[in-house]
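For reference, the chains in residue letters:
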Amino acid sequence: MADADAWRSYFGFDEPYDNQRNAIETAIDAGERGGYLAMEGPCGTGKTMAALTAGATLVREGEYERIVVVTPVKQQRAQFVEDLRTMNASLDDPLAGIALVGKRDLCPYGREEVFPDSVGTHDRCEDLRENTAGLVESEGGDDRAVASSADGTAVDASGDEDIWWDPQRASDLAKAARPDAAGQRTLGTGGLETAGVETPYRPEQPAAPESMTESDDPPLYCPFEADWYARNKGSPVGFADGDRNVLTADEYLPGAAERGTCPHRAMSALLDSADVVVGNYNHLFDPNARPLLEPILDEDTFLVVDEAHRLEERVRDLLSDRVGRATLKRARNDCEQLLARARQGTDHKAQVRDRLASHEVPLEAVDRARAFYDDVLGWLDDQIAAELTAEYGPEWRTDAERLPDRLVELPLRDPETVEPDELTTWAQSEGYTGELWRSLSAVGGAVEDTLDALGVTRTPVCTAVGALLGRWWERDHASSLREIALEHSPRKDSSLEQPWQATHTAGLVRFECMPGERLRETFDELGGGVLMSATLEPMDVFEEVSGLAALAADRPIRTRAYDLPFLEQNRASWLVDADPFTARNRGDPAENRDPETWNRTRDEYAHVLRTLARSPGNVLLALPNYREAEWAAAYLTEAVDKPVLCDESSSNEETERLKSRFFTGDGKVLVTSTRGTLTEGVDYDGAKLRCCGVVGVPLVNIGSPRVRAVKRAYADAFGDEHAFEYSLTVPAVRRARQTIGRVIRGTDEVGVRALVGHRYTPDARHSVYPYLSADEQAEFVQLTPEFLPGQLDAFWAERDLPDD
């Protein structure tokens with residue numbers, strides 16, 4: 001049990017805020033008892049430093065071995081790194097910290113576009129890793145010798161791990177890729193450059209030296225990977241190379257690359273000895289990315305989950321599966337290519353059978369898998385054609401532009417009825433039993449290994465596709481919705497196999513409806529931790545949907561909600577009691593461009609938007625969707641005397657350019673969707689934002705098959721009376737609260753927050769007022785639209801804006 005004031009040694013600043021002190025002490029108490037703290041704290045609470053201080057205390061007092069931080073926001077990952085460095089600055093024995101980065105950002109060859117355009121960095125790296133492992137494999141003898149890495153550093157190969165590789169062979173393989181290797185020098189050629197440093201290796205990818213392979217076609221390999229084996233899976237970069245003992249890619253990427261070691265391997269080698277690991281949600285919840293952290297995810301890990309209000313949505317996406325029609329076709333072709341090789345003659349067939357036999361997979365199983373994939377492709381095409389004809393008429397066949405320019409969902413069961421999906425039912429009727437579905441991954445692995453052994457130049461996908469289809473069969477139908485998804489992706493290609501491919505790409509999707517069970521399992525396997533956000537209320541709902549409530553019988557669950565710490569007189573907070581801004585009330589925005597045609601509801605909101613837009617400085621107006629945002633921007637462009645910017649669903653680069661325009665120069669109006677990327681995770685600090693209005697309750701499309709399936713699953717888990725509230729209303733109000741939270745980000749900031757719509761008022765039918773925090777309920781003042789201009793003018797008249 002830690003001393004009551006032990007945490008002060010690790011706190012990075014002179015004195016904590018009152019809320020911060022309480023958060024630290026509550027988190028420590030929960031952590032000591034193997035429990036969790038769910039904490040709502042708005043901007044200014046100091047959540048990041050509080051969580052790190054509690055975790056550091058528990059680690060240094062021997063309760064835990066490490067802290068793992070996960071956050072979906074890049075800016076927040078940087079904040080954890082900065083706060084950890086601040087903490088370390090005052091410690092004689094600083095904590096060892098590392099921030100994780102994905103393989104695509106770390107591979108020197110991938111970064112410098114050395115790989116072929118047709119191959120992704122991840123897949124190419126995996127292939128090269130496998131080739132390199134085969135080349136460095138020990139041929140016998142004492143492998144626990146001292147090897148020499150590519151940069152000449154001696155490496156002691158002693159240890160308890162069974163070393164199946166030959167460190168000296170690995171070192172020789174790495175050195176063979178140097179520009180000055182015997183017979184390899186090209187005049188004027190230096191090493192590959194990346195991240196501002198020169199690596200020890202030639203810019204092009206090397207093939208294995210003839211002396212190290214018996215193949216007539218020497219395989220390509222990765223010298224960075226070979227050097228990692230030469231170091232016996234060690235890292236040439238240490239925590240001391242990081243700023244105040246905290247390593248980021250800014251240090252270990254160039255540090256490892258210039259010494260000739262794979263930066264991703266160097267990063268992973270440091271995880272076991274790190275006190276603090278900062279990553280994103282994928283590292284913890286994505287089955288494909290989780291293996292990196294798997295060795296340190298146990299009861300000795302103290303977990304910090306930032307932006308925890310996003311857990312349901314993000315983890316639901318990570319646990320869902322999609323396999324495209326083109327990928328299914330590739331899996332079919334993988335099997336067909338191996339079968340074609342076997343048909344070339346008796347010797348070829350024997351060779352194929354022998355290799356498959358090492359995996360206990362008969363050739364007939366490959367033929368059966370090929371037939372299955374082929375039949376699924378036929379079924380998929382027939383199903384899409386039938387569904388589109390039923391929905392849009394037969395005209396789409398000759399004019400695909402008739403199809404909607406959005407995602408088209410074709411559910412394979414009634415989303416509100418728990419029953420087997422149509423693909424599974426069809427497959428069973430065709431004799432494709434569960435035994436076959438479950439075998440597809442193993443068959444795929446055998447096919448890929450055999451193709452590789454035969455020297456077939458191909459990037460197979462049948463293992464991954466087989467694993468996904470195995471999950472399709474195994475997962476229950478209550479928590480998963482199976483559907484065909486047609487994603488809008490127009491293309492001009494005369495070789496299209498199906499007419500709908502001119503506008504859409506097709507895939508099979510298994511959509512995860514209930515992430516709470518996976519969340520519970522993850523939290524239960526760890527020692528304890530903190531889940532925090534500016535918007536977790538209502539806490540009882542968050543505990544239920546996050547899986548924490550299911551742990552409460554055996555482990556303590558603490559909850560805390562803190563108030564906004566800045567001066568209340570610096571902000572105006574209003575509930576504008578306008579008619580409910582529903583699709584039924586407001587009409588179609590595309591049919592209401594002319595103010596003369598507006599109904600009463602749209603005219604009322606035009607008045608409110610115009611009033612808020614005239615507020616001094618930058619104004620953010622968030623509408624329920626992008627179509628309404630486009631309408632509002634078009635109207636305000638004519639109605640107000642300041643620049644109006646309209647956000648739309650677009651690339652990250654376009655969004656960044658839009659933000660830059662908004663932040664530069666005099667005041668502007670930015671109109672967006674409340675469900676877009678500009679309403680949370682963006683720090684509008686200082687004078688970047690003076691007013692924010694959220695129009696309506698930003699519910700998702702409740703007619704979507706996925707949303708209907710989620711609602712059904714939540715009804716099963718939490719009761720019919722809570723299904724709509726838990727799955728739709730609460731997440732929507734959290735979105736609105738996140739959006740208005742963009743305004744006041746610091747002690748001296750001044751601004752206006754407005755929630756616009758009748759449902760935000762306490763006495764409304766279907767009121768969402770109870771889902772605001774207690775602090776917001778006490779502070780927000782209700783008024784009608786006609787009083788808004790006077791109140792806005794009065795607020796700004798009483799204040800001198802600080803210099804920008």
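As the structure is a computational prediction, the values presented were derived from the model and not from experiment.

Calculation criteria
Residues numbered from 1 in each chain as written. Predicted model: local features only at pLDDT ≥ 70, side-chain atom pairs only at ≥ 80, totals over all residues. Heavy atoms only, no water. Salt bridge = Lys/Arg side-chain N within 4 Å of Asp/Glu carboxyl O. Helix = DSSP H or I, 4+ residues; strand = E, 2+ residues; numbered from the N terminus. Buried < 20%, exposed > 50% of the residue type's maximum accessible area, 1.4 Å probe, protein only. Pairing = 2+ DSSP bridges. Core = buried A, V, L, I, M, F, W, Y, C linked by side-chain atoms within 4.5 Å. Contact = heavy atoms within 4.5 Å. Axes fitted to C-alpha atoms, helices over the stretch in contact; angles between N-to-C directions.

S.K.: I'd like a rundown of the pattern of salt bridges, residues and numbers included.
M.R.: Enumeration according to the criterion identifies 63 salt bridges in this entry. Between Asp421 and Arg482 there is a salt bridge, with its nearest N and O atoms 3.8 Å apart. Remark: Arg482 occurs in strand E13 (residues 480-488) and Asp421 occurs in the loop between strand E12 (408-411) and helix H16 (422-429); sequence separation between them is 61 residues. When the shortest N-O distance is used, the salt bridge between Lys659 and Glu656 registers 3.1 Å. Residue Lys659 and its partner Glu656 are located together in helix H25 (residues 652-663), separated by 3 residues, close to a single helical turn. Where salt bridges share partners, they join Asp5, Arg8, Glu15, Asp18 and Arg21 into one cluster.

S.K.: Give a detailed account of helix H10 (residues 263-270), specifying residues and quantitative values.
M.R.: Counting buried positions along H10 gives 6 out of 8 residues, so the element sits mostly inside the fold. Among the residues of H10, those classed as buried are Pro263, His264, Arg265, Ala266, Met267 and Leu270.

S.K.: Break down the environment of Glu401 for me, citing the residues and quoting the values.
M.R.: Along the chain, Glu401 falls in the loop between helix H15 (363-392) and E12. Accessibility expressed as a relative area gives 62% for Glu401, which makes it exposed. For the pair Glu401 and Trp500, spaced 99 residues apart in sequence, the C-alpha separation works out to 8.8 Å.

S.K.: Go over the pairing of strand E2 (residues 66-70), please, and point to the residues and values.
M.R.: By the criterion of burial, E2 is predominantly enclosed, with 5 of the 5 residues buried. Side-chain alternation along E2 places Arg66, Val68 and Val70 on one buried face and Ile67 and Val69 on a second face that is also buried. Examined bridge by bridge, E2 and strand E10 (residues 301-305) share 5 bridges and lie parallel to one another. Looking at E10, one finds that Val69 is bridged to Val304. Pairing analysis gives 4 bridges linking E2 to strand E9 (residues 276-279), with the strands arranged parallel. For Ile67, the partnering residue across the bridge sits in E9 and is Val276.

S.K.: Account for the nonpolar core, naming residues and giving values.
M.R.: Formed by 53 residues in total, the largest nonpolar core has its most connected members in Leu328, Phe372, Tyr373, Trp437, Leu469 and Leu508. Here this core gets 13 residues from one element, more than from any other, and that element is H15. Setting aside its immediate chain neighbours within four residues, Leu469 contacts Leu328, Phe372, Tyr373, Trp437 and Leu440. With 46 residues, the next largest nonpolar core counts Phe239, Tyr252, Ala266 and Leu292 among its residues.

S.K.: Summarise unusual backbone geometry; cite the residues concerned and give the values.
M.R.: The linkage connecting Glu537 with the following residue, Pro538, adopts the cis geometry, with an omega of -5°. Within the fold, Pro538 resides in the loop between strand E15 (528-533) and helix H20 (539-546). One non-glycine residue, Asn232, adopts positive backbone phi at about 55°. You can see Asn232 is positioned in the loop between helix H8 (223-230) and strand E8 (246-247). The residue Asn245 is not glycine, and still its phi comes out positive at about 75°.

S.K.: Explain the sheet that holds strand E20 (residues 669-673) residue by residue, including any values.
M.R.: What the 7 strands build is an open sheet, ordered E19-E20-E18-E21-E22-E17-E23; its pairing is parallel. A single partner strand is all that each edge strand has here, and the edge strands are strand E19 (644-646) and strand E23 (781-783). Averaged over all pairs of adjacent strands, the angle between their axes in this sheet comes to 20°, without regard to strand direction. Examined bridge by bridge, E19 and E20 share 3 bridges and lie parallel to one another. In the strand pairing of E20, Cys646 is matched with Val671.

S.K.: Break down the sheet that holds strand E16 (residues 557-561) for me, with residues and values.
M.R.: Sheet architecture is open: 8 strands sit in the order E8-E3-E9-E2-E10-E15-E1-E16, paired in parallel fashion. Looking at the sheet topology across the chains shown, the edges are occupied by E8 and E16. Bridge analysis of E10 against E15 gives 4 bridges, and the strand direction is parallel. Counted as the bridge partner of Val305 is Leu531 from E15.

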